[in-house]
Amino acid sequence: MDERFPLGRGPLVMLILFLISSFFVVRSTVEGEKEVLEFWVFANTHYDEYKAREAAFEAAHPNVDVRITNFGGAMHDKLLAALLSGFGGPDLAEVEITSIGRFLKGPIDQVGFVDLKPRLLQEGWWDRHVTARFAPWSYRGRTFGLPHDLHPVVLLYRHDLFQEAGIHMEAIETWDQFVQQTRPLAADLDGDGLQDRYPIVLGRRSHSDFFTLLLQRGGGMFDEQGEIIIDRPLAVQTLEWYARLFREGVARDYAGVGGYLDPATFALLRDGLACSVLAPDWYIGIMKKYFPEMAGAWRARGLPRWEPGGRRTSTFGGTMIGMTVQCKNPDLAWEYMKFSYFDRQALVNRYEKTGILPPLKEAWDDPVFHRSDPFFGGQQLGTLLIELAEEIPPRYQNPYWSEAADLFDEAVLNVIDGKIAPADSLRRLAEQVRRLMEEDRLSGS
Amino acid sequence: MSRRRLWNRLLLVLAHLVLIAVAVAVLLPMIWLVASSFKTSGELFQSPPTFWPKEPTLENFRRLFVEVPFWRYFVNSVFLSTAATLASLFFSTLGGFGFAKYRFRGQGVLFGILLASMMIPFEVLLVPLFKLLRDIGWLDTYWGVVVPFMAGGFGIFLMRQFIVSVPDDLIDAARIDGCSEFGIYWRVVLPVIKPAVGALTIFIFLGQWNSYLWPLIVLRDDAKYTLPIGLANLIGVYQQEYGMLMAGTLIALIPIITLFLAMQREFVSGITLGAVKE
Amino acid sequence: MNFWRQQTKWAPYLFVSPFFILFAIFMVYPLLSSIWLSFHQSRGFQYQVFVGLENFARLFRDPLFWKSLRNTFYFAAGTFLIQLPLALLLALIVNSRRIKGRNFFRLAFFSPVLISGVFIAIIFALAYDARSGLVNDMLSRLLPKRVLIPWLENERWVMPAVILAGVWRWTGFNMIYFLAGLQGIRQELYEAAAVDGANAWQAFLHVTLPSLRPVITFVLVFSMIGSLQLFDLPYVLTNGGGGPNDAATTIVMYLYRHGFQFVNLGYAATIGWVLFGILVVVSLIQLRVLRFGREEEA
C-alpha cells in the first residue's frame, strides 16, 4: 500500500487522517430543525450563568435552540466585523463598556444594534432601573443595550495587615487621609533594600484605575454632549495626585500582562504585598473563584471620598446585551433578554455566581443580597453595594472611546514615569482625540 | 605540535559546553511546560516559584476535556491541516513538474510572477482578502481557511528545485511508451521525488497545524475552531487558565512530534534545499 | 486525437494553472482592492469616502506608526545580532564530526519550531512573570541575588523579552539552513587551504564564509522579511495591547488594530502598502550588499 501511493508515506498518513476527521466533521455539522437563537458572550463568568439557565428557557420555548458561545476577548472584533459586513452575526450579543464605542461610529442609522428604548418605555422597564446606567449604552437618544450591571466600586483591604499595622480604617474618610495613614504598610519585608509591600495596588500601564477615581470625583473623558473634558483642571489635579502615589511608594502596579486580572496580581494580594485594591463587584467574584484561599482576610468599604460629602463609589467596567440588526426573530430575542436580565431568579443566580449587583432596583430586597459573606469575615457585602449603588456616577459613551482608551493608557503611564507633566500629557491626549474626530469623514453630521 | 593538540582538545570541550548550555536553555522551558501542566493555579503563581509540582494534579487535563470542546478543536485541526496539506502537495508537485520539465511560452514571466508572489506580505492582503471571502460567502467556512493558500509559490518553487534533477531520459522513455503527461507525473516523477515530498508534507502540515491569524479571522463558529485559536481563548480578559492551556499545548504537540520523529530526515533535507540551490 | 497527441504543448499550462488561478483570485484581486482602499476612508464595507492621499499623509505624522516601525526594527536588529550569529555558531559546532550526540543537539535545537507561536507566546508570558516566572527563577539561581525583572510590565524590558522569545523559537530553525550550507562545501577546498598553510580561522574566513554566501543571503533576506512581519509573538505576549506605552507594538499589530479593531480598512491597507514598500527596499539593499546573483552557478 505504502509503495503504491506515489506521494509516499507521509502524505498517505495525511490522507487517512483526513478521511477519518472528515467523517467526524461532516457528521457533527448536521443542522437541527429548531429555531436557533444565537447569543455571543465574551466573559466566561457570564457564559456559565446563561448556560445554567439555558434549559429553562428552552423548556418554556420548546421549538427554540439557544446557542451561547463564549469567544473571549476576540468576541468584539468578530462581532464588529460581522455587523459591518452584514453577515454572520448572532441574534444577541453582549458588549463590554470600552468596546461599545466602536460599534457606534458612522451614521447613526447604520449602528448594528436595534434601539431598545421604545420597548423599554412601552413595557415600563425604564424607570425600574438605575437610569444612570443606560448612559453607557446610549448615543444620540437611542439605547442600544440593556445594562447587565452597575459595577459600584469598593475598596477591598487586608483586614489582618491593617490591624497589624494599627491602622483604623473607620477613621479614614478621604483619599488624603488614606495616603497619610497607610504609610506604615509600605515596607521592605526581606531586607534587600527594595520595597516589597505597598498600601494599594493601582494601574500604572492602563488608565482604568485613574479613570475610576476621576469618575468618582465627577470628571470623565467625554461629557454628555460628547465634548472632551479630559484636559480640564480636575483631571490634571487628579492625575498629579495619582502619579505621586507611585513615586512615594504608596501604590504599586499590577503584575503580569493581564493587569488587574492577571493571576500574578491575585498572587500579590494573596501574599500580602499589596494591602488594598479598588474593586467593582465583578472583580470580587473573580477573586473568589480563582483564589478561594484568600477568604477571611479581606474586608470591603466604600471608597474614601475626595472631599467631605463627596461620592463614596465610582463605577468600573460594564456589559450590555444588545439585539443585532441581523436578529431573525426580535420578539423571541426580546423574550430571552427579559428572561436573562429582568427575571428575579436570573438576577439572584447571577449575584450568587458572580457577585454582580443588578441594575433592576426591585430585585434588591431579595435576601440573597443581604447575606453575610465569609470571604469578608461575615460582612454583608451586598448591603454595602446597594447602599453605594445610587451614588454611582454616569459614564457617558462616545464612538471614539476605543481609540481614546488606547491613547489614554500612554498618557497616564508617561506621567507616572515622570516623562511629562500631567497638564501637558492630558492636553496632548485631548488634542489627539479631537484630531481623530476631525479626521473622521464618515461619522460627521 | 602538542600545544596545538591541547588547544584542539580545549576547543572541543568548549564546543560541547556551548552545546550543552544552549540545549539546557532550549529544553528547560519545555520541561517546565510539562511540569507546570500538573500544577494547581495557586502553585503556578507561587513566589518563589517551584519547578516540579509539589502536589501533582490531573485537574488541568480533566477540565480541558470537560469545560472546553477540546476534541472538537482537535478534530478540526486535523481535518483542516490534512486537507490543506494534501491539496498543497498535489498542486505544488504538479506545478513544480510543469516548471521543471517543460519549455513553454511565457515560462520565464510566469516563474517570475511566482517568485514575486513570495515577496508579498500576507498582511497587505489580510483586509481585502477578508472582504473577498465575505463577498463569496466563504467567511466562517472551512473553504475560506484552506483554499486561498492551497497552491503556495514556495511549495512549487521547492518542488521545481527537486524535479529539475530527475533525469530527462526517464521521462522521455515513459513518453515513448505512450504514457500521458499526467501519467508521467504520477508514475515517473512522483516516485522519484518521494523524499522531497515527505519534507514538504511536514513543512506544510506544521504551518497549518500552528497557524493562528488567518483561521482567527475567517472562523466564527467555535465548533469550527482549531486548537491554536480555541486554546488561546483560555487566556483572555476575564479568564487566565494557564494550567489548562499548558495541558492543551502538551496534547497538541503529540501529533507534530510523532510526525516529525518519523520523518525528520526528509524534513531537514527538504527545508534546506531552497536555501542551498538559489 | 490531435489534441491528445499535442499534450506536451498544453500540459504544462494545465499543470501550473492551479497556482495562477488561485493567485489571480486570492492575490491579484485583493491587491488591487487594497490599493483602492488605501485612497479611501472606510467604515466596514458599506461606506467609503475618497480621501486621496490623506491616509498616507496621516500615516506619516502618526507617532504610533513611527513607534511601531521603530519597535519592528528593534526586533529585526535583535534577530541579526543575536539569533543569526548564534545559529551560525551552533551550526559550525554541530557540523563537526568530533562532537558527540550531534543528532540529539540538532533535534533539541530545532524542537521549538514545532510549537505554535501562540502557545510559545502564552507560555513565555507566564515564564516572564516577575515573581513566579521561570526566567527570573533561573537567573536568580545563577546570580547571587534574587532577580525580579518586570519583563512584560516595563517599557524597557518588553522588547528584549520578545527578542529573547524569538531567539528561543527561531535559532534552531536557522541553524538547520546553515548546517545544510556547511554540508554542501566540498572537502577539497579545505584541503587546498591547508596546503596553502591556512589555520582554522583563515580557513573559516576564506573557505567557509564565501561558500556559505548563498545560504547566508537566503537566511538574512528571509529572516528580515519574517522580522518585519512579526505579529503573533508580541501580540499574544502583550495580551493584544502592545505592551506598556506600546513598546512592543509592531507594524503588523498596528495594522491589525486599525483593520480589525477600529475597522478602518483604508488606513489598514495604507499601513500594509507602506510595509510592503519597506520590505522591498530593505530586501533590495540586502541583496545588493551581499551581491546576490553575481556568484557562479552552484
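Numbering of residues begins from 1 in every chain and follows the order in which that chain's sequence is written. As a convention, the first chain written is A and the first ligand written is 1, with the rest following in written order. Where totals are concerned, whole chains, interfaces and linings use all residues; where local detail is concerned, this predicted model gives features only for residues with pLDDT of at least 70, and gives and counts side-chain atom pairs only at 80 or more.

Asker: Residue-level account of the overall build of chain B, with values.
Answerer: Every helix listed is a DSSP run of H or I at least four residues long, and every strand listed is a run of E at least two residues long, numbered separately from the N terminus. From N to C terminus, chain B includes 14 helices and zero strands. The linear arrangement of helices and strands in chain B, starting from the amino end, is α-α-α-α-α-α-α-α-α-α-α-α-α-α. Rg of the C-alpha trace for chain B: 24 Å, well past the compact-globule value of 19 Å for 278 residues, more than 25% over. Dimensions of chain B along its principal axes, counting C-alpha atoms only, are 75 × 75 × 35 Å. Residues are called buried when their C-beta atom has 20 or more other C-beta atoms within 10 Å, exposed when it has 12 or fewer, and partly exposed otherwise; all C-beta atoms are positioned from the backbone. In chain B, which comprises 278 residues, the share counted as buried stands at 53%. Here the contact rule is simple: place C-beta atoms from the backbone, and any two residues whose C-beta atoms are within 7 Å are in contact. Of the contacts made within chain B by residues no fewer than 6 positions apart, 77% connect residues no fewer than 24 positions apart. Radius of gyration here is computed from C-alpha atoms only, and the compact-globule reference equals 2.2 Å multiplied by the residue count raised to the power 0.38.

Asker: Residue-level account of the overall build of chain A, with values.
Answerer: Check the secondary structure of chain A and you find 16 helices and twelve strands. A globule of 445 residues ought to have a C-alpha radius of gyration of about 22 Å, and chain A, at 24 Å, matches this closely. Restricting to contacts in chain A with at least 6 residues of sequence separation, those with at least 24 account for 73%.

Asker: With reference to specific residues and values, describe the interface of chain C and chain A.
Answerer: The interface is formed by 25 residues belonging to chain C together with 25 residues belonging to chain A. If you list the elements that add at least two residues to the side of chain C that touches chain A, you get strand S1 (40-43), strand S2 (47-50) and helix H12 (251-261) of chain C. A per-class count over the side of chain C that touches chain A returns eleven nonpolar, eight polar and six charged. Throughout this entry, Asp, Glu, Lys and Arg are counted as charged residues, while Ala, Val, Leu, Ile, Met, Phe, Trp, Tyr, Cys and Pro are counted as nonpolar. The remaining residues, Gly among them, count as polar.

Asker: Can you lay out helix H2 (residues 44-60) of chain A for me, pointing to particular residues and giving the numbers?
Answerer: A turn of α-helix holds 3.6 residues, and therefore any two residues three or four places apart point the same way. Residues and elements named next belong to chain A. Here H2 is 17 residues long and its end C-alpha atoms lie 25 Å apart, about the 24 Å a rise of 1.5 Å per residue gives. Roughly 35° is the biggest bend found in H2, and it falls at Arg53. Taken together, the buried positions of H2 are occupied by Asn44, His46, Tyr47, Glu49 and Tyr50. Looking at the buried positions of H2, the neighbouring elements they touch are strand S1 (35-41), strand S2 (64-70), strand S3 (92-96), strand S12 (319-323), helix H12 (330-341) and helix H13 (344-354). Each helix should span, by expectation, one fewer than its residue count multiplied by 1.5 Å. Throughout, bend refers to the angle between the axes fitted to the seven residues that end at a position and the seven residues that start at it.

Asker: An account of the interface of chain B and chain C is requested, with residue identities and associated values reported.
Answerer: Counting residues at the interface gives 70 residues for chain B and 73 residues for chain C. Elements that contribute at least two residues to the side of chain B that touches chain C include exactly helix H1 (2-36), helix H4 (70-101), helix H5 (107-117), helix H6 (122-135), helix H8 (153-163), helix H11 (194-210), helix H13 (227-232) and helix H14 (242-276) of chain B. With 14 residues, H14(B) is the largest single contributor of residues to the side of chain B that touches chain C. For the side of chain B that touches chain C, the residue count by class is 52 nonpolar, twelve polar and six charged.

Asker: I'd like to hear about the sheet that holds S3(A), residue by residue, with values.
Answerer: All names here are of chain A. Overall, mixed pairing links the five strands, which are arranged S2-S1-S3-S12-S6 in an open sheet. Only two strands of the sheet have a single partner each, and these edge strands are S2 and strand S6 (146-147). Of the pairings in the sheet, the one linking S3 to S12 comprises five bridges and is antiparallel in character. When the sheet's bridge partners are listed, Glu96 is paired in S12 with Thr319. Inter-axis angles, ranging from 0 to 180 degrees, are taken between N-to-C directions of lines fitted to C-alpha atoms, where helices are fitted over the stretch in contact. Strands in contact with H2 are S1, S2, S3 and S12; relative to S2, the strand with the most contacts, it is inclined by about 170°. Across the sheet, H12 touches S1, S2, S3, S6 and S12, and the angle it forms with S12 is around 160°. Strand pairing follows a simple DSSP-based rule, namely that at least 2 bridges must link the two strands.

Asker: Report on unusual backbone geometry, specifying residues and quantitative values.
Answerer: Of note, the amide linkage connecting B:Ser47 to B:Pro48 takes the cis form, showing an omega dihedral of -10°. Relative to the elements of secondary structure, B:Pro48 occurs in the loop between helix H2 (41-44) and helix H3 (59-67). Phi angles above zero are rare outside glycine, and A:His151 is one such case at about 50°. Along the chain, A:His151 turns up in the loop between S6 and strand S7 (153-158).

Asker: Could you give an account of the nonpolar core, with specific residues and numbers?
Answerer: A general feature of soluble globular proteins is that nonpolar side chains tend to end up buried together. A set of buried residues drawn from Ala, Val, Leu, Ile, Met, Phe, Trp, Tyr and Cys, joined through C-beta atoms within 7 Å, is what defines a nonpolar core. Core analysis: the largest hydrophobic core is formed by 276 residues, its most contacted members being C:Ala121, C:Ile122, C:Val162 and C:Leu237. Two domains each put at least three residues into this core: domain 1 (35-151 + 317-389) and domain 2 (153-314 + 400-439) of chain A. Residues contacting C:Leu237, with those up to four places away along its chain left out, are C:Ala121, C:Phe124, C:Ala125, C:Leu152, C:Val162, C:Ala165 and C:Ala248. Grouped together as the second largest cluster of nonpolar side chains are 25 residues, C:Phe105, C:Val113, C:Met175 and C:Ala180 included. Start and end positions for the domains come from either an automated domain assignment or a database one.

Asker: Explain the environment of C:Val274 to me, and be specific about the residues and the numbers.
Answerer: Relative to the elements of secondary structure, C:Val274 occurs in helix H13 (residues 265-289). Placed 218 residues apart in sequence, C:Val274 and C:Phe56 show a C-alpha to C-alpha distance of 8.5 Å.

Asker: Please give an account of helix H10 (residues 200-228) of chain C that cites residues and values.
Answerer: Residue and element names in this part refer to chain C. With 29 residues, H10 should cover 42 Å at 1.5 Å per step; its first-to-last C-alpha distance of 36 Å lies more than 12% under that length. At Arg213, H10 shows its maximal kink, close to 55°; a proline, Pro214, follows between one and four residues later. Among all positions of H10, only Leu212, Val215, Thr217, Phe218, Val219, Leu220, Ser223, Ser227 and Leu228 are buried.

Asker: Describe in detail the pairing of S1(A), supporting the description with residues and values.
Answerer: Residue and element names in this part refer to chain A. When you tally the buried positions in S1, you get five out of seven residues, the bulk of the element. Across seven bridges, the pairing between S1 and S2 is parallel. Note that in S2 the partner of Glu35 across the bridge is Val64. Assignment of crossover handedness uses the view with strands pointing away from the viewer, where a clockwise path from the first strand over the helix to the second indicates a right-handed crossover. Once you follow S1 into H2 and on to S2, the crossover reads as right-handed. As judged from the two bridges shared by S1 and S3, these two strands associate in the parallel manner. Residue pairing across strands places Trp40 opposite Ala93, the latter belonging to S3.

Asker: Could you give an account of the packing of H6(B) against helix H2 (residues 7-37) of chain C, naming the residues involved and the relevant values?
Answerer: For any two helices packed against each other, one specifies the inter-axial angle together with the distance between the axes. Taken N-terminus to C-terminus, the directions of H6(B) and H2(C) make an angle of 105°; their axes are 8 Å apart at the nearest point. Taken as axis vectors, H6(B) and H2(C) run roughly perpendicular relative to one another. Of the residues in H2(C), those in contact with B:Val124, B:Leu125, B:Val127, B:Pro128, B:Leu129, B:Lys131 and B:Leu132 of H6(B) are C:Phe26, C:Met27, C:Tyr29, C:Pro30, C:Leu31, C:Ser33, C:Ser34 and C:Leu37. Across the contact of H6(B) with H2(C), the residue classes tally to twelve nonpolar, two polar and one charged. Comment on the angle field: the value is read as roughly parallel under 35 degrees, roughly antiparallel over 145, roughly perpendicular from 65 to 115, and oblique elsewhere.

These values are about where atoms sit, not about what they do.
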